[in-house]
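# Chain and residue survey
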Number of protein chains: 4
Amino acid sequence: MGNNYGTIFKISTFGESHGKGLGVVIDGCPPGIELDLDFIHHEMQRRKPGQSKITTQRKEEDEISIFSGVFEGKTTGTPIGIVIHNTDQKSQDYSHIAEKFRPSHADFTYHTKYGFRDYRGGGRSSARETAARVAAGAIAKLVLKKLGIQIEGCVTQIGAIQCPDFQKYDLSKAEENIVRCPDPQIAEKMIDLVKEVRKDGDSIGGVVSCVIKNCPAGLGEPVFDKFHAELGKAMLSINAAKGFQYGSGFSGVTMRGSEHNDLLIKKGNKIGTKTNYSGGIQGGITSGEDIYFDVAFKPVATIMRDQPSIDIHGNEVVVSGKGRHDPCVVPRAVPIVEAMAALVTLDFYLRNQSTNLSID
Amino acid sequence: MGNNYGTIFKISTFGESHGKGLGVVIDGCPPGIELDLDFIHHEMQRRKPGQSKITTQRKEEDEISIFSGVFEGKTTGTPIGIVIHNTDQKSQDYSHIAEKFRPSHADFTYHTKYGFRDYRGGGRSSARETAARVAAGAIAKLVLKKLGIQIEGCVTQIGAIQCPDFQKYDLSKAEENIVRCPDPQIAEKMIDLVKEVRKDGDSIGGVVSCVIKNCPAGLGEPVFDKFHAELGKAMLSINAAKGFQYGSGFSGVTMRGSEHNDLLIKKGNKIGTKTNYSGGIQGGITSGEDIYFDVAFKPVATIMRDQPSIDIHGNEVVVSGKGRHDPCVVPRAVPIVEAMAALVTLDFYLRNQSTNLSID
Amino acid sequence: MGNNYGTIFKISTFGESHGKGLGVVIDGCPPGIELDLDFIHHEMQRRKPGQSKITTQRKEEDEISIFSGVFEGKTTGTPIGIVIHNTDQKSQDYSHIAEKFRPSHADFTYHTKYGFRDYRGGGRSSARETAARVAAGAIAKLVLKKLGIQIEGCVTQIGAIQCPDFQKYDLSKAEENIVRCPDPQIAEKMIDLVKEVRKDGDSIGGVVSCVIKNCPAGLGEPVFDKFHAELGKAMLSINAAKGFQYGSGFSGVTMRGSEHNDLLIKKGNKIGTKTNYSGGIQGGITSGEDIYFDVAFKPVATIMRDQPSIDIHGNEVVVSGKGRHDPCVVPRAVPIVEAMAALVTLDFYLRNQSTNLSID
Amino acid sequence: MGNNYGTIFKISTFGESHGKGLGVVIDGCPPGIELDLDFIHHEMQRRKPGQSKITTQRKEEDEISIFSGVFEGKTTGTPIGIVIHNTDQKSQDYSHIAEKFRPSHADFTYHTKYGFRDYRGGGRSSARETAARVAAGAIAKLVLKKLGIQIEGCVTQIGAIQCPDFQKYDLSKAEENIVRCPDPQIAEKMIDLVKEVRKDGDSIGGVVSCVIKNCPAGLGEPVFDKFHAELGKAMLSINAAKGFQYGSGFSGVTMRGSEHNDLLIKKGNKIGTKTNYSGGIQGGITSGEDIYFDVAFKPVATIMRDQPSIDIHGNEVVVSGKGRHDPCVVPRAVPIVEAMAALVTLDFYLRNQSTNLSID
């Protein structure tokens with residue numbers, strides 16, 4: 001359980017870091033969508049390991065193989081089965097931790113839950129799992145593109161280095177540097193920090209910010225499935241995520257209502273708001289304004305240092321730091337955040353289609 | 001859709017602010033639980049309006065009426081149907097906003113989604129809906145009590161006034177003051193601030209913090225239904241919530257892995273961690289350590305001031321500030337946060353029971 | 001668990017035979033539907049006990065009380081909460097079976113599953129539960145009416161007395177006699193049989209047949225949620241149901257494909273079929289032809305005779321036959337079958353709305 | 001939507017008759033189950049095409065490839081991803097029907113629902129899809145085996161040739177003949193009939209009967225998810241199924257309650273019933289007695305004859321009978337019926353585990 005996401009546009013993912021491969025089944029994709037394979041490939045490249053000198057050096061091309069649900073280049077409405085093979089597993093790298101619980105990894109909790117575990121590279125708990133999400137998210141993005149909805153993410157913080165007011169930037173520029181920060185000057189500082197952290201054999205956290213543009217008003221469901229509640233769940237389900245906020249977020253708590261309220265005004269022939277502290281969502285339902293949010297990521301647990309720990313027999317042991325890893329996962333998290341945002345948005349779009357009778 | 005929560009311990013809620021009443025159906029409650037009605041009543045009292053001089057003056061006793069699922073004082077395993085009557089509706093108070101969209105309320109978004117709406121007191125989007133959650137959460141708490149699991153929340157911030165390190169306090173003391181802050185000195189300052197805000201006809205935001213204690217290791221499901229992902233969704237589904245973080249949260253992003261990693265150590269005959277930046281969750285699965293988290297609430301939208309707005313015909317109008325309201329909902333949000341935490345925890349506990357074959 | 005039905009138009013029911021009452025929450029009803037209370041009342045009357053001399057003599061008016069989801073006479077799109085009070089419980093009638101397992105009732109299985117049970121009138125396992133289904137089904141019928149879809153059921157068999165080719169009759173005539181058989185002559189024979197069975201203190205089974213007319217082509221989902229699979233589940237979930245068939249059903253197995261195949265032909269500007277052995281469904285998806293099906297009901301277990309049995313302590317006991325009961329539930333099952341058919345059809349209609357992008 | 005089955009032991013299937021292949025993701029399989037690959041292979045062989053002279057001559061070895069969820073030969077509790085490649089597609093065989101709707105196939109309904117379709121071999125509507133079910137069902141059977149539960153199916157009717165009282169036979173003998181009928185004499189007659197039908201270029205229907213043995217009492221959930229309701233849905237979701245009955249089924253309607261009631265008696269230290277007209281289920285919950293049921297299958301639509309029809313442009317056309325097909329699918333349906341029964345039983349077993357608190 002728990003490996004499925006979505007209500008109408010449903011995905012089921014599978015796969016471990018060092019098994020035969022990963023995959024995803026998408027059930028509920030609208031029929032007739034042209035499947036732009038280049039675009040899907042491009043999204044996979046944005047997430048893949050080894051893409052720059054500040055990421056892990058594991059080499060995976062993350063080529064997808066589509067088994068079903070597509071005919072003559074278009075989706076048929078039946079499930080789309082996708083497989084991604086693992087090609088650069090080095091399982092022997094992990095024999096030294098077969099019986100050891102690595103600090104702040106999921107080793108102990110998986111072992112406790114299931115009685116044993118695939119310890120190679122973290123098995124199912126590895127962020128490698130997110131490749132399947134990005135593949136599914138790319139297809140969701142293709143559908144959203146037909147609907148005119150765009151999703152753009154970027155890195156707005158690494159360690160203490162921040163890039164404030166990310167919405168003022170042209171976010172497409174974020175792809176031009178390896179940390180995916182929309183401000184090139186700040187990006188340089190961030191890159192220097194990540195390099196320094198890597199040299200220390202350490203890791204560092206950061207924040208990904210994202211905006212959903214041109215989303216129609218009316219998406220989201222009262223009361224438990226509010227748009228931002230599902231969005232929050234989707235983001236928090238990404239490996240290493242520690243926090244989520246939208247609109248004014250945590251900083252909004254110090255404001256007064258008279259300041260925080262977004263006054264409704266006419267924008268051409270539509271109704272919009274003067275400010276947007278609400279982050280494009282009121283009462284859990286989209287307002288038509290930009291939806292923006294932030295996701296906090298912790299410094300990843302894998303570090304190149306020796307750490308004391310416990311093994312499965314209860315003995316005190318030392319976990320030595322070796323293997324390939326990302327000193328900072330935040331740049332690679334950008335396409336994952338976007339993918340999850342696409343899944344959430346499309347699912348709510350389709351749910352909303354069922355709400356009003358089409359005869360009216 | 002969207003008015004259901006849970007996988008095994010499932011709730012379905014209904015009801016509007018100014019209709020006949022509210023209610024909840026709980027499906028999946030284990031049989032044989034003694035239903036302590038005094039405890040449920042006590043939880044309802046903690047949430048009810050009019051409970052102190054800093055809340056709305058609407059008077060609702062929020063008495064629950066149990067229709068089913070209980071026999072000879074104990075749950076039977078069949079659905080528990082609960083009804084709460086509205087008694088102090090003043091629907092005429094709302095005629096002035098029948099056709100107006102109030103700023104930063106859900107009026108515009110509901111109207112857009114459904115074509116029309118019950119405008120009285122916000123209808124379904126009113127926080128009055130949370131009475132049903134607290135009733136269901138109280139029953140979940142009774143089950144958790146049998147399992148030895150406790151949930152305690154408190155207010156740790158109102159406006160800029162903060163109460164740091166909430167876990168060092170005896171949280172039961174938080175109930176001794178009307179803002180539910182565990183530090184009596186800080187509580188006084190918070191109360192003064194809320195009074196000042198009320199006098200200004202304004203509103204103010206805040207933060208509720210909460211801890212789940214004695215939760216067994218192994219709860220939570222990979223990969224989308226991580227414990228903290230569901231917890232985040234549950235919290236963000238509460239009215240006025242803007243952000244969620246657990247463990248080190250947003251402040252963890254500036255830390256290094258070497259500092260943030262929670263080293264595993266022996267604690268008696270169990271395995272625990274030296275620090276707990278992880279907030280009791282690793283890889284989405286509970287570790288046995290305390291689960292702690294924060295929820296940010298915006299300043300509520302209802303203020304006692306005139307505000308420009310738009311009506312359903314697209315005309316510019318003035319929304320005048322009148323009626324009963326909470327200048328700060330955060331103290332009343334504490335039992336709601338706890339209730340949602342109870343629903344999440346119990347549901348994962350029951351899901352986890354199905355994971356391993358009982359014959360083994 | 002298990003007390004919910006539906007994917008978009010979702011219902012959650014609660015209530016026991018001899019508790020305070022029953023109810024249902026409907027989540028996902030389209031907004032703007034005028035709620036014809038007279039029609040809902042009329043449907044409730046068709047199911048209620050004590051409606052004729054061949055049913056149980058328990059007197060329940062089954063008046064519904066709507067708590068929410070309706071404003072100014074129309075559905076709002078938010079959950080509709082409905083409560084039905086029990087008024088004619090005679091709980092003392094059941095003290096003699098408090099510790100006894102009645103043969104072919106759910107006493108033993110509920111006791112085994114839950115450890116104890118509300119024994120009064122069968123508790124949750126009583127067919128009284130179906131009142132909530134009929135209330136929800138009546139609302140579904142109101143929505144279907146707007147879509148031009150009709151559902152009509154009738155009794156086509158009681159004991160060995162059959163009414164073949166039920167589709168050739170005007171089914172509205174079935175309401176004109178107390179067994180709800182569309183052929184008045186056969187109805188007389190059925191009534192005589194039921195009276196005879198009652199005099200014997202016994203019970204008898206029967207078949208309800210039903211047709212869904214003007215259902216658009218394209219409803220139903222591959223591969224597990226085929227239209228007839230969900231329809232079958234819905235029918236088999238009704239108390240005392242033992243079998244389900246649609247189209248040619250069990251009698252189709254003796255046919256050859258060359259005979260059974262429904263040839264496609266033009267019907268005006270639409271495509272239809274010459275014969276309809278398929279029962280209006282191909283590959284799990286509706287074809288636009290009439291959907292027809294049969295549901296078999298066993299003779300109910302309550303009989304006015306002494307029967308040997310076992311009690312909860314494992315002792316051999318005698319269960320004496322007393323109390324109020326239906327010698328044949330089949331006539332009262334007609335509105336229940338229709339209600340479940342309405343829930344299935346509407347849910348698939350709404351699911352199908354989400355399939356194709358509304359921009360296309 | 002609709003390509004998922006199960007609540008705890010959840011499967012998601014994908015794949016078309018003539019695409020790259022098929023597959024299934026199983027989420028919720030208990031950890032620690034030894035995966036007997038020979039057994040899974042054996043089950044696949046029982047379903048595969050070309051297995052005898054009375055089935056289609058398409059040659060598919062239906063070898064499964066397991067991608068994930070298994071480590072050192074045992075399930076890990078994480079999703080099991082399985083892929084089955086298509087190897088003997090002859091897509092060109094289908095060019096003649098690219099634009100034609102075949103009678104009593106899903107061509108017209110899929111085209112109407114989705115706007116276009118993968119016409120090769122019926123695409124997603126092909127019974128080839130059931131290979132994925134059998135793979136998942138084989139794993140479910142391995143879990144049930146640990147629990148002592150057995151599932152055995154056989155053919156009890158082809159055309160008008162019946163094999164009554166199937167439960168009196170040793171059902172393992174059914175595998176000894178190519179129609180899978182437990183009575184060797186009747187099997188011979190059935191084989192002759194199928195051969196005759198094939199010679200005629202025609203097809204014929206039949207009935208598969210099945211028994212679930214040693215299933216513990218207490219499985220199944222009130223009120224919509226009754227054991228037999230889910231079982232019925234699962235069976236009716238199999239291609240060509242037209243009806244389902246359990247216990248006394250349709251023949252029970254002519255019985256009187258005094259005759260049909262199953263008297264409770266002691267069986268050693270357990271409580272059982274003297275007769276079993278109930279088919280092992282009371283009130284939707286298993287009683288511990290054998291669960292037995294029948295599934296009716298229509299004569300398949302593919303016949304070797306010319307038939308008049310309509311094409312996608314609305315023109316009258318002739319569909320010529322050619323290609324490979326089964327004159328009678330019923331023998332190959334036996335392992336599919338068993339697989340679905342295994343999925344239903346295991347899912348209810350796991351659901352039931354969550355019902356009672358494990359501390360009690």
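## Some points on the overall build of chain A
When helices and strands are counted, chain A shows 7 helices and 19 strands. The principal-axis extent of the C-alpha atoms belonging to chain A is close to 65 × 50 × 35 Å. Taking the intrachain contacts of chain A between residues at least 6 apart in sequence as the baseline, contacts between residues at least 24 apart amount to 69%.

## Describing the relation of the copies chain B and chain A
Superposing chain B onto chain A requires a rotation of 180° together with a translation of 0.0 Å along the rotation axis, leaving an RMSD of 0.0 Å. Each copy turns onto its partner about a two-fold axis. A shared binding surface is used by both copies, with 100% of the interface residues of chain B retained as interface residues in chain A.

## Side note on the interface of chain B and chain C
Between chain B and chain C, the residue contacts involve 34 residues of the former and 35 residues of the latter. Residues of the side of chain B that touches chain C, tallied by class, amount to 11 nonpolar, 16 polar and 7 charged.

## Structural notes on the relation of the copies chain B and chain C
Mapping one chain copy onto the other needs a rotation about an axis and a shift along that axis. Rotating chain B by 180° about the axis while translating it 0.0 Å along that axis superimposes it on chain C, leaving an RMSD of 0.0 Å. Take the interface residues of chain B: 100% of them recur as interface residues in chain C, which is what a same-surface contact looks like.

## Examining the sheet that holds strand E8 (residues 100-101) of chain A
The antiparallel open sheet is built from 3 strands, whose spatial order is E8-E18-E19 (chain A). One side of each edge strand has no neighbouring strand; the edge strands of this open sheet are E8 and strand E19 (316-319) of chain A.

## Some points on the environment of Gly19(B)
Mapped onto the fold, Gly19(B) is located in the loop between strand E2 (10-15) and strand E3 (21-27). Remark: the alpha-carbon pair of Gly19(B) and Gly121(B), spanning 102 residues in sequence, is separated by 9.8 Å. Contact partners of Gly19(B), with chain neighbours within four places excluded, come to Asn86(B), Phe67(C) and Ser68(C).

## Some details on unusual backbone geometry
The amide bond that connects Pro222(A) to the next residue, Val223(A), takes the cis arrangement and shows omega of -5°. Relative to the helices and strands, Val223(A) is located in the loop between strand E11 (206-213) and helix H5 (227-236). Of note in this structure, Asp62(A) is not a glycine but carries a positive phi near 50°. Summarising the element assignment, Asp62(A) is placed in the loop between helix H1 (37-47) and strand E4 (64-66). Given 23 C-beta atoms within a 10 Å radius, Asp62(A) is considered buried. A positive phi angle, close to 50°, is found at Asp165(D), a residue other than glycine. Mapping Asp165(D) onto the fold places it in the loop between strand E9 (161-162) and helix H4 (184-199). You can call Asp165(D) exposed: it has 11 C-beta atoms within 10 Å.

## Digging into the interface of chain B and chain A
The partner chain A presents 88 residues to the 88 residues of chain B that form the contact. Looking at the side of chain B that touches chain A, the element that brings in the most residues is helix H5 (residues 227-236) of chain B, giving 6 residues. Per-class residue counts for the side of chain B that touches chain A are 34 nonpolar, 38 polar and 16 charged. In this sheet, strand E12 (residues 241-246) of chain B lies alongside strand E12 (residues 241-246) of chain A in antiparallel orientation, the contact comprising 3 bridges. In the sheet register, Phe244(A) faces E12(B), and the bridge partner there is Phe244(B).

## Section: the pairing of strand E17 (residues 307-310) of chain D
The pairing of E17(D) with strand E18 (residues 316-319) of chain D spans 4 bridges and is antiparallel. Opposite Ile310(D), over in E18(D), you have Glu316(D) as the bridge partner.

## Some points on the sheet that holds strand E16 (residues 291-297) of chain C
Read across the open sheet, the 10 strands follow the order E9(C)-E8(C)-E10(C)-E16(C)-E11(C)-E11(D)-E16(D)-E10(D)-E8(D)-E9(D); overall the sheet is antiparallel. In the strand order of this sheet, the two ends are held by strand E9 (161-162) of chain C together with E9 of chain D, each with one partner. Inspection of the sheet shows strand E8 (residues 150-158) of chain C paired to E9(C) by 2 bridges, in the antiparallel sense. Of the residues in E9(C), the one forming a bridge with Ile158(C) is Ile161(C).

## Some details on helix H5 (residues 227-236) of chain D
Of all the 10 residues making up H5(D), 10 are buried; the element is thus mostly covered by neighbouring parts of the structure. Every buried residue belonging to H5(D) is among Phe227(D), His228(D), Ala229(D), Glu230(D), Leu231(D), Gly232(D), Lys233(D), Ala234(D), Met235(D) and Leu236(D), and all of these are buried.

## Some thoughts on the environment of Met304(B)
All names here are of chain B. Looking at the element boundaries, Met304 is found in the loop between strand E17 (291-297) and strand E18 (307-311). Separated by 50 residues in sequence, Met304 and Thr254 place their C-alpha atoms 40 Å apart. Ignoring sequence-local partners within four residues, the contact set of Met304 consists of Gly201, Gly321 and Lys322.

## Here's the deal with the pairing of strand E10 (residues 206-213) of chain D
Working note: regular strand, side chains alternate between the two faces of the sheet. All names here are of chain D. Within E10, 7 of the 8 residues are buried, which leaves it mostly tucked inside the rest of the structure. Alignment of strand E8 (residues 150-158) against E10, held across 8 bridges, turns out to be antiparallel. Bridge assignment links Ile158 to a residue of E10, and that residue is Gly206. By the bridge criterion, 7 bridges tie E10 to strand E16 (residues 291-297) in an arrangement that is antiparallel. Along E16, the bridge assignment pairs Cys210 with Phe293.

## Observations concerning the packing of H5(A) against helix H7 (residues 330-355) of chain A
A pair of packed helices is captured by two measures, namely the crossing angle of their axes and the spacing between those axes. Residue and element names in this part refer to chain A. H7 packs onto H5 with a crossing angle of 145° between their chain directions and a minimal axis gap of 9 Å. Relative to H7, H5 is oriented so that their crossing is right-handed. Of H7, the residues touching H5 (which contributes Phe227, Glu230, Leu231, Ala234 and Met235) are Val337, Met340, Ala341, Leu343, Val344 and Phe348. Looking at the contact of H5 with H7 residue by residue, the class counts come to 10 nonpolar, no polar and 1 charged.

## Side note on helix H3 (residues 130-146) of chain A
Given a rise of 1.5 Å per residue, 17 residues ought to cover 24 Å, and the 24 Å separating the end C-alpha atoms of H3(A) matches this to within 8%. Of all 17 residues that make up H3(A), 15 are buried, and the element is covered over most of its length.

## Overview of the packing of helix H1 (residues 37-47) of chain D against helix H7 (residues 330-353) of chain D
Residue and element names in this part refer to chain D. Running from N to C, H1 and H7 cross one another at 145°; their axes reach a closest spacing of 8 Å. Residues Glu43, Arg46 and Arg47 of H1 lie in contact with H7, whose contacting residues are Arg332, Pro335 and Ile336. For the contact of H1 with H7, the class distribution of residues is 2 nonpolar, no polar and 4 charged.

## With respect to the confidence of the model for chain A
Mean pLDDT for chain A: 95, with 99% of residues reaching 70 or above. Of the two predicted TM-score estimates for the complex, the pTM is 0.97 and the ipTM is 0.97.

## Side note on the environment of His228(B)
Of note, His228(B) is situated in helix H5. Judged by the 29 C-beta atoms lying within 10 Å of it, His228(B) is buried. Along the chain, His228(B) and Tyr292(B) lie 64 residues apart, while their C-alpha atoms are 9.9 Å from each other. Excluding its chain neighbours within four sequence positions, the residues that come into contact with His228(B) are Leu236(A), Tyr246(B), Ile281(B) and Gly284(B).

The rules behind each value
- Residues numbered from 1 in each chain as written.
- Chains lettered and ligands numbered in written order.
- Predicted model: local features only at pLDDT ≥ 70, side-chain atom pairs only at ≥ 80, totals over all residues.
- Helix = DSSP H or I, 4+ residues; strand = E, 2+ residues; numbered from the N terminus.
- Contact = placed C-beta atoms within 7 Å.
- Least-squares fit on C-alpha atoms with pLDDT ≥ 70 in both.
- Nonpolar A, V, L, I, M, F, W, Y, C, P; charged D, E, K, R; others polar.
- Pairing = 2+ DSSP bridges.
- Buried ≥ 20, exposed ≤ 12 C-beta atoms within 10 Å, placed from the backbone.
- Axes fitted to C-alpha atoms, helices over the stretch in contact; angles between N-to-C directions.
- Left-handed = near helix turned anticlockwise from the far one by under 90°.
- Expected span 1.5 Å × (residues − 1).
- pLDDT = per-residue confidence, 0-100.

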